[in-house]
Amino acid sequence: MDRFRIGRSSNNGIDQPSDPLPQPSRRINFKSALQDIQVPDSFLHGISMFKVGSNGRLEPVTFKLSKDRFIISILPRKIERVGGSSLMRPSILSRKRSGASQTSMGSIGGDSIDGSSVLDAGVLSLLSDTDVDIGSIDRIQSGQMTLKFEMARKKERRQSIAQRNSMGIPMLDEKRSFSLIFRGAETLDLMVDQGGDREEVLYILHSIIGQYESAKLKVGNEVLLLRYIWNDVDRDDSNTINEKEMGELLNRINFHVKEKSTGAMYQKFVKTLGLTKAQRKQGLSFDQCVTLLHKTKRDMATWQVKPVTQLFYDIFGQFMTKNKIRKKVSSTSFLNKFLLTVQGEDNKTMESVMQIFTKLHQLELADVSNHITEQNYISLEQFEAYLLSRDNDIFNPRREQVCKSSEMTKPLSEYWINSSHNTYLTGDQLTSKSSVEMYTKALYRGCRCLELDVWDGARDEFGNPMPVVYHGRTLTSKIMFEDIIKSFDVFLMLNPKTYPIILSLENHCSIPFQQAMATQMKSILGRHLYVPDESSLRGSLPSPAQLRGKVVLKGRRPPTGAIDDYDTDDDAADDDLTEMQSVRTEKTSVTGNTKKSQTSVKIAPELAKLTLFHGTKFKSWGESGQALTHHMHSFSESRVRSFCKHNQSQSWIQYNQTHISRTFPSGNRTNSSNYSPILAWATGCQMVALNLQTPDEMVRMNYGRFRENGEQGYVQKPSTLMMKGVTEPRTTHIEVKILSGSCIPKPKGVSDGECINPYVSISLFDCSDGREVTSTQVTNTVFNNGFSPIWKFEDSFHFDVKNACVAVMQFTVMDKNSTPTKTDEFIASASIPIACMRQGIRSVQLSDAHNTRSGAFDFASLLVLVKFQHCQAEI
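In this text the structure is predicted, and so the values were computed from the model without any measurement.

The rules behind the values
- All residue numbers refer to position in the chain's written sequence, counted from 1.
- Since the coordinates come from a predicted model, pLDDT governs what is reported: local features require at least 70, and pairs of side-chain atoms require 80 or more to be given and counted, while whole-chain, interface and lining totals use all residues.
- Excluded from the side-chain calculations are hydrogens and water; all other atoms, namely the structure's heavy atoms, are used.
- Secondary structure counts use DSSP, requiring at least four H or I residues in a row for a helix and at least two E residues in a row for a strand, with both numbered from the N terminus.
- When accessible area is computed with a 1.4 Å probe and restricted to protein chains, residues below 20% of their type maximum are described as buried, those above 50% as exposed, and intermediate ones as partly exposed.
- Only heavy atoms matter for contacts: two residues are in contact if any of them lie within 4.5 Å across the pair.
- A pair of strands is considered paired only if DSSP assigns at least 2 bridges between the two.
- The angle between two axes is taken between their N-to-C directions and runs from 0 to 180 degrees, where each axis is a line fitted to C-alpha atoms and a helix contributes only its stretch in contact.
- Grouping buried Ala, Val, Leu, Ile, Met, Phe, Trp, Tyr and Cys residues that are joined through side-chain atoms within 4.5 Å yields what is termed a nonpolar core.
- When the centres of two rings from Phe, Tyr and Trp lie within 6.5 Å, Trp using its six-membered ring, the rings pair. Their planes under 30 degrees apart give stacked, over 60 give edge-to-face, and anything left gives tilted.
- As a reminder, the over-ring test applies to NZ of lysine and CZ of arginine, requiring each to be within 6 Å of the ring centre and within 35 degrees of the ring normal.
- For this analysis, a salt bridge means a side-chain nitrogen from Lys or Arg found within 4 Å of a carboxyl oxygen belonging to Asp or Glu.
- Angles are sorted into four bins: roughly parallel if under 35 degrees, roughly antiparallel if over 145, roughly perpendicular if 65 to 115, and oblique for all others.
- Expected helix span is computed as 1.5 Å times (number of residues minus one).
- Looking down the strands as they point away from you, a crossover is right-handed if its path from the first strand over the helix to the second goes clockwise.
- Note: pLDDT gives the predictor's confidence per residue, expressed from 0 to 100.

Draft legend 1. Representation of the overall build of the chain within the structure. The helix and strand inventory of the chain stands at 25 helices and 32 strands. Looking at the 875 residues of the chain, the share that counts as buried comes to 56%. Considering only residue pairs separated by 6 or more positions, the chain has 71% of its internal contacts joining residues 24 or more positions apart.

Draft legend 2. Layout of the pairing of strand S25 (residues 732–742). With ten of eleven residues buried, S25 is to be regarded as a mostly interior element. In terms of strand pairing, S25 meets strand S28 (residues 797–801) through five bridges, oriented antiparallel. Bridging across to S28, histidine 733 finds its partner in aspartate 800. Looking at chain direction, S25 and strand S32 (residues 861–868) are connected through eight bridges and run antiparallel. Counterpart to glutamate 735 in the pairing with S32 is lysine 867.

Draft legend 3. Representation of the sheet that holds strand S26 (residues 758–768). Strand order in the open sheet formed by four strands is S27-S26-S29-S30, with antiparallel pairing between adjacent strands. Strands at the two margins of the open sheet, each flanked by one partner only, are strand S27 (771–778) and strand S30 (825–833). The mean inter-strand angle of the sheet, taken between neighbouring strand axes irrespective of direction, is 20°. When S26 meets strand S29 (residues 808–815), the two strands line up antiparallel, connected through eight bridges. The partner of tyrosine 759 across the bridge, within S29, is methionine 814. Lying on the sheet, helix H25 (residues 697–705) is in contact with S26, S29 and S30; it crosses S30 at an angle near 35°.

Draft legend 4. Representation of the environment of methionine 49 in the model. Along the chain, methionine 49 turns up in strand S1 (residues 47–52). Residue classification places methionine 49 among the buried residues on the basis of a relative accessible area of 0%. Remark: the alpha-carbon pair of methionine 49 and proline 60, spanning eleven residues in sequence, is separated by 6.1 Å. For methionine 49, the residues in contact, after removing those within four places along its chain, are Glu59, Pro60, Val61, Phe63, Arg77, Phe178, Leu190, Met191, Val192, Asp193 and Val201.

Draft legend 5. Quick look at the nonpolar core. By size, the foremost hydrophobic cluster in this structure holds 133 residues, and its most contacted members are Phe334, Phe338 and Phe811. Tyr424, Phe618, Leu679 and Val688 belong to the second-largest nonpolar core, a separate cluster that totals 64 residues.

Draft legend 6. Representation of the packing of aromatic side chains in the model. Going through the model one piece at a time under the given rule, you end up with 33 aromatic pairs. With a centroid separation of 6.3 Å and an interplanar angle of 80°, the aromatic rings of phenylalanine 338 and tyrosine 386 are classed as edge-to-face. A residue pair is termed long-range when its members are at least 10 positions apart, and phenylalanine 338 in helix H12 (residues 331–339) and tyrosine 386 in helix H14 (residues 380–387) qualify at 48 residues. Neither phenylalanine 338 nor tyrosine 386 differs from the other in exposure class; each is buried. An aromatic cluster of at least three residues, connected via ring pairs, comprises Phe312, Tyr313, Phe316, Phe334, Phe338, Phe357, Phe383 and Tyr386. Stacked on the ring of tyrosine 470, the Lys or Arg lysine 478 has its end atom at 4.9 Å from the ring centre.

Draft legend 7. Looking closely at the pattern of salt bridges. Taken as a whole and assessed by the stated rule, the structure comprises 31 salt bridges. The partner of arginine 77 in a salt bridge is aspartate 193, and the shortest N-O contact between them spans 3.9 Å. Note that arginine 77 is positioned in the loop between strand S3 (71–76) and strand S4 (95–97) and aspartate 193 in the loop between strand S9 (186–192) and helix H5 (198–215), a separation of 116 residues in sequence. Accessibility expressed as a relative area gives 17% for aspartate 193, which makes it buried. Between aspartate 824 and lysine 816 there is a salt bridge, with its nearest N and O atoms 3.9 Å apart. For aspartate 824, a relative accessible area of 22% gives the class partly exposed. Via salt bridges that share partners, Glu345, Lys348, Arg838 and Arg842 belong to a single interconnected network.

Draft legend 8. Structural context of the packing of helix H11 (residues 307–316) against H14. Viewed as axis vectors pointing N to C, H11 and H14 meet at an angle of 105°, and their least axial separation amounts to 10 Å. Taken together, the axes of H11 and H14 lie roughly perpendicular to each other. Contacts from Val308, Thr309, Leu311, Phe312, Ile315 and Phe316 of H11 reach H14 at Leu380, Phe383, Glu384 and Leu387.

Draft legend 9. Highlighting the sheet that holds strand S31 (residues 840–845). Sheet architecture is open: four strands sit in the order S28-S25-S32-S31, paired in antiparallel fashion. This sheet does not close on itself; its edge strands, each paired only once, are S28 and S31. Geometrically, the sheet is characterised by an average inter-axis angle of 35° between neighbouring strands, direction not taken into account.

Draft legend 10. Examining the side chain of serine 788 more closely. Along the chain, the position of serine 788 falls in the loop between S27 and S28. Excluding anything up to four places from it in sequence, serine 788 contacts Lys297, Met300 and Gly741.

Draft legend 11. The arrangement of helix H18 (residues 511–525) in detail. Over its 15 residues, H18 extends 21 Å from the first C-alpha to the last, a length consistent with the 21 Å expected when each residue adds 1.5 Å. Here H18 has its buried residues at Phe513, Gln514, Ala516, Met517, Ala518, Gln520, Met521, Ile524 and Leu525. Taken from the residues just after H18, glycine 526 is the one with a positive phi, measuring 55°.

Draft legend 12. The pairing of strand S16 (residues 501–507), seen in detail. Across the seven residues of S16, seven count as buried, placing the element largely inside the fold. A two-sided burial pattern is seen for S16, the buried positions comprising Ile501, Leu503, Leu505 and Asn507 on one face and Ile502, Ser504 and Glu506 on the other. Sheet topology places S16 next to strand S17 (residues 551–555); four bridges connect them, and they run parallel. Note that in S17 the partner of leucine 503 across the bridge is leucine 553. Regarding topology, H18 serves as the crossover connection from S16 to the parallel S17, and that connection is right-handed.

Draft legend 13. Region of interest: the environment of glutamine 279. Following the sequence through the fold, glutamine 279 ends up in helix H9 (residues 277–282). Taking C-alpha positions, glutamine 279 is 9.9 Å from asparagine 242, a pair spaced 37 residues apart along the chain.

Draft legend 14. Structural detail: the confidence of the model for the chain. Per-residue confidence for the chain gives a mean pLDDT of 87; residues scoring 70 or more make up 85%. Considering only residues more than four positions removed or in separate chains, one finds that residues 82–128, a stretch of pLDDT under 50, has 82 contacts. Across residues 579–598 the pLDDT falls below 50, and counting only partners more than four positions away or on other chains, this stretch makes 36 contacts in the model.

And the structure:
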């Protein structure tokens, strides 16, 4: 078989470092890593709370931590009304696992629950058992800023206090409420019972999550995977896996073994361990199951060469002294033959290597691994652990680090800004719900330019105007403008160093409601609201560093008393109709009639003076370039393509060096699909707004772009977009080999279903000569194995990159459907800007559709080989 031929060897010596390495700390047992966290007994026995259901109904539940602190269980409570009053007495209902989607009730404290006896129909409707794994929690959010809480507030407004008392349901209290955001998009919304201490609950949960994040850095992926699925496969809660549970374990890790072969596999393995008949019947411990996973990966398909083994021998040589098969590698060889030669990491030193080795020696790996006690050596298993680790990520860690404030002092026009379109929508553009939660989600995903379509609403009991946000003239629901502004204030209080949050106001309000908007923003945001003075409107735009912790408004700021006739996305879309009739150039004027006449709207001075960015009508690049820098333009996606098609890219690039452009999806995308942001980025547009509620490949590409600078939402544009005059895009050629995968879950991270059939799609999103260029290549399919799939690593995929400063490569893992008539399912992906990509043998850290690495996706990765024709320093 051909070798990888990934580089030449150098310096065969095995010099030892002059200073001895400190002995590593005791290796942890990850299964018990959280048990030393002190928690009150009430957390283990159960705390009375209320859960907000999907319909906004409050359900009495018990919040309970597992003994190992890894699982939060939400158990239903029985409500008993005494003497016709609304008094409640909790009765904790335990459960035994009877299946992935079914539960059976046990009993605690003498209450006999047989599944149908003492509970009336009303109580039975409340039984919605929920388990949340600590490893799947993305964040904890205080208050009531989720869609379920919004629905609960609406339901509360429709009910009288007497009605709620008769049902034993309390009034909502924001100070007792919190939400767990987990598995990317799901929420568990809770309110502690009267007299409960929310802050204590939050403190305990933050402590546990912090300990978990620290502990997981000291274990291998197989240990993380097994711990995550353990409670699901250990059906009898014996803390062991028996022969019957063995098949479920293998299915959960996505490794298919025929049912009739599972028993033989189990017996063969326990015999290898030397277990007695009694021990075999009792089952395998956690550590023994880790060993089983390691052995399964090592011994599967003995005819197939393992990529890591092949790489290990190719790089360091198959034989050591006296013709012994290589089982370890020295620190010197690791530095010279691997890091410097194969990986091209010229900044690495022996000190860097010893830091890596120290971490590897502290890793909890399988007991059958070839343990190396010498601190200047690592084993093949430890080498593999490094290859799959975050430290070896294909995304350059220097580009991922948060920039220092001193590096964020350029004018705003010199940055790409993570932006969203119609941020409030949860789904399509015509009938979906609007939600304040969508703003919070967008902010925590790094979005820093958010859109609000504001309309006249009703008036409160005192006659005060209440502006609302929704997609006008559609069936989308309405939410209060004031509630959205409150969510920004909460976010900034928790994240005071956030770079500026830009609100793109699509203002459809009458003067009284505009005045109410201004009043609400000033009273709620206070010092967080940026109010530009006249002097700040002259010269260059302010920098992200200057506006840190501020909310900045984009809207209309015409001269006092003037009538403004252009700003909204609707008006910009109307211009696109004209654009289709006659393309504007520097020397021609627009001809033809727009589909609908522009509407002149007077702007309330109270709102105008709060606004920094003033949206203006585009006439020509020459005229626009002479305007004040806080004047800006908005264009729909069709206008972007039109400008580029008609050779106006360079004029647009020059304009965007000092001014701001915002682009947005076509109005025809009523299903909230997205356009490619590549062309807009390539012309220097800062605010390339996407429908972030749709987790498609374009949104995933956007996540990859703004992973740079620590997902702060601001990425400095490349120097080629800031040069005067015409500049040629930088090109390169990339060769990619997909070697293997590790711990790839089922679609959406579900526990049920067949083992997956994964294949990898590699797409390059690029542009050339004013046109989008997308090329996609796919690997072969590996059937019935997501645990450790190996693709045909002799296959090479070649890509010619036309604009390396802008192009993005996307790795997508799909599940091949065994039924030809059904479509393949998305599993996970990673998007890497070419300018941030590292050469060599690299780990691709995979994320779910919502760009989160938690739960079943926390340890999913690909191993790839990347070669560049040109050095990345040139890009």
